[in-house]
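# Structural description and commentary
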Amino acid sequence: QGRSLSDVLVYLRNGASDAQSEFGRIRLLNVFIQICMAAEFAHSRGVVHRDIKPGNIILGDFGEVQLLDWGIARRVDEEEPIEQRILSLTGTPGYMSPEQILLKEGAPVTLSDVYALGAVLYEILTLRRPLEDEDPEELMVRSCSEDPIAPSQRTPSRAIPQELDEICLKALARDPHRRTSSARRLALDIE
């Protein structure tokens, strides 16, 4: 029961008079920290979510926050043949990491969740996705070849501090080895 973060972001985007007071930046960053820690808990148990996005984050009426839709989650140590991975390319364009899209190996799979968390953070800060395109395939191509504009430059009217820019862009690094090292580290950076 509750409202998805996606619905909250639409509510804020539409500029409802009480939206900003009900869902201010500090409240949403606290929600974000809880989601990071939920992902970190899963990672500590050897599970990667693979589809973290605002639509899968639910905010309850009494401050509870839940990360839902674990339908495509998998164990970190679970080996999937390349043919199977190609047939089951999973995730939501715009939140999928480049290595998830390109089926690259070599980096911890938990870093794909960190990338998705970075995309959620970007959307919390700017009320827009890091990269936008109507065509899902084109969006995946852009995710592998373009860096997003700094949140403060994308929406200057939202007065986003440089520190949040840096934290967000590090989580969205296309090279997983340059990305924030874990969901816990991302939560601590935000704190």
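Before going into details, it helps to say that this report is about the structure given with it. (Residues numbered from 1 in each chain as written. Predicted model: local features only at pLDDT ≥ 70, side-chain atom pairs only at ≥ 80, totals over all residues. Heavy atoms only, no water.)

## Here's the deal with the nonpolar core
Across soluble globular proteins, nonpolar side chains show a tendency to be buried alongside one another. Which entries qualify depends on this criterion: Nonpolar core, defined: a set of buried Ala, Val, Leu, Ile, Met, Phe, Trp, Tyr and Cys residues in which side-chain atoms within 4.5 Å join the residues together. A 1.4 Å probe rolled over the protein chains alone gives each residue an accessible area, and that area as a share of the maximum for its type sets the label: buried under 20%, exposed over 50%, partly exposed in between. Helix and strand definitions here come from DSSP, where helices need a minimum of 4 consecutive H or I residues and strands a minimum of 2 consecutive E residues; each element is numbered from the N-terminal end. The criterion used for residue contact is that any of the two residues' heavy atoms lie within 4.5 Å.
With 43 residues, the main nonpolar core has Leu-5, Phe-32, Ile-57 and Leu-117 as its most contacted residues. At the level of elements, helix H1 (5-13), helix H3 (25-44), strand E3 (57-59), strand E4 (65-67), helix H6 (110-126), helix H9 (162-171) and helix H10 (183-190) are the ones that each hand at least two residues to this core. The element that contributes the greatest number of residues to this core is H6, accounting for 11 residues. Beyond its immediate sequence surroundings of up to four residues, Ile-57 is in contact with Arg-3, Ser-4, Leu-5, Val-31, Ile-35, Val-65, Gln-66, Leu-67 and Val-120.

## Notes on the pattern of salt bridges
The condition is simple: Should a side-chain nitrogen of Lys or Arg be within 4 Å of a carboxyl oxygen of Asp or Glu, the pair is scored as a salt bridge.
Taken as a whole and assessed by the stated rule, the structure comprises 10 salt bridges. One salt bridge in this structure joins Arg-128 and Glu-132, with 3.2 Å as the shortest N-O distance. Measuring nitrogen to oxygen at the nearest pair gives 2.9 Å for the salt bridge that ties Glu-146 to Arg-142. Taken together, the salt bridges that share partners define one network made up of Arg-128, Glu-132 and Arg-154.

## Some details on the packing of aromatic side chains
This is how it is decided: Here a pair means two rings of Phe, Tyr or Trp (six-membered ring of Trp) with centres within 6.5 Å. Their orientation is stacked below 30 degrees between planes, edge-to-face above 60, and tilted elsewhere.
Counted under the stated rule, the structure contains 1 aromatic pair. Measuring from centroid to centroid gives 6.2 Å for Tyr-11 and Phe-23, while their planes differ by 85 degrees, and the two rings are edge-to-face. With Tyr-11 in helix H1 and Phe-23 in the loop between helix H2 (19-22) and H3, this residue pair connects regions lying 12 residues apart in the sequence. Accessibility assignment for this pair places Tyr-11 and Phe-23 in one class, buried.

## Re H1
Since one α-helical turn is 3.6 residues long, residues separated by three or four positions face the same way. Spelled out, the test is: The directions considered for the arc are those from the helix axis to the C-beta atoms.
Within H1, the full set of buried residues consists of Leu-5, Val-8, Leu-9, Tyr-11 and Leu-12. Along the axis of H1, the buried positions cluster into a sector of 155 degrees, meaning they face one direction only. Against strand E1 (3-4), H2, H3, E3 and H6 lie the buried residues of H1. Following H1 by one or two positions, Gly-15 has its phi on the positive side, about 70 degrees.

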